[in-house]
Every structure is written in structure tokens, then in C-alpha cells.
2 protein chains.
Amino acid sequence: MDEKFVPNIVVGRLPLYLRTLQLMHQEGRRVTSSQELGERLGISAAQIRKDLSQFGEFGKQGTGYNIEFLTDQLRQILHVNKVWDVAVIGIGDVGHALARYQGFSNRGFRVVLLFDNDPKKIGTQVGDFLVQDLSTMVTKIKEAGVQIAMLAVPVDQAQQVTNLLSEAGVKSILNYAPINIIVPSGVRAQYIDPVLHLQRMTYYLD
Amino acid sequence: MDEKFVPNIVVGRLPLYLRTLQLMHQEGRRVTSSQELGERLGISAAQIRKDLSQFGEFGKQGTGYNIEFLTDQLRQILHVNKVWDVAVIGIGDVGHALARYQGFSNRGFRVVLLFDNDPKKIGTQVGDFLVQDLSTMVTKIKEAGVQIAMLAVPVDQAQQVTNLLSEAGVKSILNYAPINIIVPSGVRAQYIDPVLHLQRMTYYLD
């Protein structure tokens, strides 16, 4: 990669900027400013300008940002100017919701593979696809060249399935099981656990 | 509150420590160290010691942390040594999964109220509870004294429902709608949007 090094925390804010710009675009807006973005996001305008300046010159002094142009640029930077195929592993309630989630469209992702090890679920249709046998996962993911997986299996299976996903060539795992998984070098993991967010708020409640 | 000020980023790591300690406890473990916690979490041992030292002395030099004791202390600090009642608003696929989510038990939360505005959903049972009419939400939440809500409504309704939740006395909102919501002073919001995590990883993919 010839991209220069950008701190991970800055990379993490870019999807927030992109999401807000896409909403503004839907609202029919054409131009915005770092001030307005900052107010919508609770981030300082200076921080937003600094973050964006790592990737180029996107706005002109006094005229703000062209929403469509900056959206396109951020989609390129985040590599979501194409659609990534995603596998969902574990079709319980959470996996089911992910398989049918409407929020991926136009944001760079589509679910194309579903796996579970429950004979009652294998072969059933969820959203647009059939649930396939977990024992065929490595082969099917390799064949399809899928690099992204969402993991919604029980805690005690999360590490084992993670190892299989790595073997299958998956490079990015979004883990919904409430446990930290160990991934090999070259594989990234992100986490979604609602309790972590809730506990972060109850700290401030009596 | 007579608690001293602790940076929000430190508060945000405590639920991770608690989750890991609870898993260790389930594994039958009695003692751990900042080194071991750090390896499981990808956080430095020094950072963990520094974070915990903000709240007291929990370990002895050379003997590590007693897992049960530190778990109890963290549960007290995060105010999850009791069970908080939670309302779920919007019983689509995501709300449905939240209403039935097994991962809340023993971590300080239980879902007790479900609301939707779809006549086809109102009155149906999801998990242990009936879906109630969104138009009765403010009254029902006030009556029950519920302070925590998970918001799984469509983007275009998220702000309006947020305003109603604030009116009802809710102090903590976990928002699953992919949009930033504006909350009044005294109300906190956290966000879950899988696309933000996925885009943060595709930045590193080709």
C-alpha cells in the first residue's frame, strides 16, 4: 500500500463523517462545513478539518465542503466505492437480524453467505439466501473469495470459528459474541457488544 | 455524586475488564494479573494497572488480582451490582433480537418493556413480554421508572422517539439507528452501527 500511515483512531472517525454526509445528501443538501459536521457529531470542527487534511484538500476556505465530492472521496478512502460480500456465521436471533439488515445497502456491503451448524436451520431461507452447513464454511468462503465475516455464534464457539474463518482467508471479522477473540497477523477484528455500551452509561446513573 | 472525575475513555474500558474477569470466573479461575488481562484484551498491562488504580487498590504486588473480588468491585463501580430494567423501542429484526438476547443476564440488564407503532406487532409476544403501542410509551416508561432504552427504530423516526424518551425520564439511550441523535443535557447516548466497524476494517483491505 502506498497510503501514508494514518492513526487508527482517525480512520475510525471517517465512517462517521461519511454516514453524516450521506444523510445530508439524502436531505437534498449540497454544501456543508466542518462546523456543521461537528455539531451533528459532537466532534470539534478543528478535529474534523485535521482528520480530513490527512487525506487531501477537500474544502475551500469560506465555501465549505461539497457534500457529493467529499462523500465520493471518503468512499474511495474507505474502499466502499464498491460492494463487499459478507458472510454471517451463526443464524440465531442476531445473525438473523444481520442477514436481513437493511442498513448495509448503499454503504458498501451485502450479505451473501449464511452458515450455522443446527440441522434445523441448514437449508432454510433467511433474507435472500439459504443457511448452509458450517462444516462447508471454509470451502464455500474460499470459493467465493469472501474477506469479511460477521460472527454471531455462542461465546464458547467464537474462537474456534474465528480460526476457521482465518483459514478460509477472511481478513475482517465483526464479532458479536461477547468475548475477545485472538486473530492471526493480517486479520482484523472489531466488536459489537451492547452490554459494554450500557455499562459505560450506568457508571453515570445512580 | 462524590466520585472523583475519571476520563470517559477509562470508564469505557472498565466493562471490558469486567467481561473478561467474568469469563475467567466461569472458567474456574481465581487469580489473574494485569499481564494476563492485557494479553486477552490487547491492552498494555501498565494501562490496565493505571485504569484500575483510579478506583482503589485491587491487587497486591506479586500476587495479582483476586478475580471474584475485582469482579465485585467493578460491578459496584459500574453500578451493575443490581439489575437495570431496559425498554426496547422498535421491534423489527434488530429490536426482536434485542428483546430475546441472552447476553444481558448476569451483566446487569433485563429487557422489560417493548414498544412499536405497527398495529400488526402491538399485542404480540416477543421473548417474555408483549409489544405495546408506541403512543403509550412515555406514560409506561414513566410509571415503570425505566431509565435505559435501546432504540431500534428507522432512521427517520430516531430523533422524534429520542425526544419522547427524554420526556419520559430515560437517561441512557443505546441507539441502533444509523444516525446521530441529539439528546438534552443529562441524557447520554451510545451507538451501535455495524457499518461503522466494517468500514473501519475495509480501509485496510484492497
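What comes next is a walk through the structure. (Residues numbered from 1 in each chain as written. Chains lettered and ligands numbered in written order. Predicted model: local features only at pLDDT ≥ 70, side-chain atom pairs only at ≥ 80, totals over all residues. Heavy atoms only, no water.)

Residue and element names in this part refer to chain B. The strand order across the open sheet built from seven strands is 6-7-5-4-8-9-10, with neighbouring strands paired in mixed fashion. Each edge of the open sheet carries a strand with a single partner, namely strand 6 (125-126) and strand 10 (188-191). When strand 4 (residues 84-89) meets strand 8 (residues 148-151), the two strands line up parallel, connected through four bridges. Its bridge partner lying in strand 8, Val88 is registered against Met150. The sheet contacts of helix 6 (residues 137-144) involve strand 4, strand 5 (109-116) and strand 7 (129-133), and relative to strand 5 the element is tilted by about 160 degrees. Against the sheet, helix 7 (residues 155-167) makes contact with strand 4, strand 8 and strand 9 (172-175), and its axis sits at roughly 170 degrees relative to strand 8, the strand it touches most. (Pairing = 2+ DSSP bridges. Helix = DSSP H or I, 4+ residues; strand = E, 2+ residues; numbered from the N terminus. Contact = heavy atoms within 4.5 Å. Axes fitted to C-alpha atoms, helices over the stretch in contact; angles between N-to-C directions.)

Helical periodicity: at 3.6 residues per turn, an α-helix aligns residues three or four positions apart in one direction. All names here are of chain B. Within helix 3 (residues 45-53) the residues assigned to the buried category are Ala45, Ile48, Asp51 and Leu52. Down the axis of helix 3, the buried side of the element spans an arc of 125 degrees, and every buried residue falls inside it. In the core, the buried residues of helix 3 are packed alongside helix 1 (8-26), helix 2 (34-41), strand 3 (64-66) and helix 4 (67-77). (Buried < 20%, exposed > 50% of the residue type's maximum accessible area, 1.4 Å probe, protein only. Arc of directions from axis to C-beta.)

A word on the interface of chain A and chain B. With 63 residues of chain A at the interface, the matching set in chain B holds 63 residues. Taken together, both faces of the contact between chain A and chain B bury some 6300 Å²; the carbon and sulfur share is 62%. For the pair chain A and chain B, the interface holds six salt bridges. Here Arg107 of chain A and Asp193 of chain B are joined by a salt bridge, their closest N and O atoms 2.9 Å apart. Scanning the region where chain A abuts chain B turns up 24 residue pairs in polar contact (both at pLDDT 80 or more). Partitioned by chemical class, the residues of the side of chain A that touches chain B number 38 nonpolar, 12 polar and 13 charged. (Buried area = accessible area lost by both parts, 1.4 Å probe. Salt bridge = Lys/Arg side-chain N within 4 Å of Asp/Glu carboxyl O. Polar contact = N/O pair within 3.5 Å; in protein donor to acceptor, adjacent residues only side chain to side chain. Nonpolar A, V, L, I, M, F, W, Y, C, P; charged D, E, K, R; others polar.)

For the structure on display, the rule yields seven aromatic pairs over all chains. Judged by centre distance (6.4 Å) and plane angle (85 degrees), the ring pair of Tyr203 of chain A and Phe55 of chain B falls under edge-to-face. Here Phe55 of chain B lies in the loop between helix 3 and strand 2 (59-60) and Tyr203 of chain A lies in the segment after helix 8 (194-202), a pairing that spans two chains. The exposure class of Phe55 of chain B is partly exposed, given its relative accessible area of 22%. Here Tyr203 of chain B and Tyr204 of chain B contribute two aromatic rings whose centre-to-centre distance is 4.8 Å and whose plane-to-plane angle is 85 degrees, an arrangement assigned as edge-to-face. Take Tyr203 of chain B: its relative accessible area is 3%, and that puts it in the buried class. An aromatic cluster is built from Phe55 of chain A together with Tyr203 and Tyr204 of chain B, whose rings are joined through pairwise contacts. Against the face of Trp84 of chain A rests Lys82 of chain A, its NZ or CZ located 3.9 Å from the ring centre. Stacked on the ring of Tyr204 of chain B, the Lys or Arg Arg188 of chain A has its end atom at 3.5 Å from the ring centre. (Phe/Tyr/Trp six-rings, centres within 6.5 Å; stacked < 30°, edge-to-face > 60°. Lys NZ or Arg CZ within 6 Å of the ring centre and 35° of its normal.)

Don't take any of this as a statement about function, it's just geometry.
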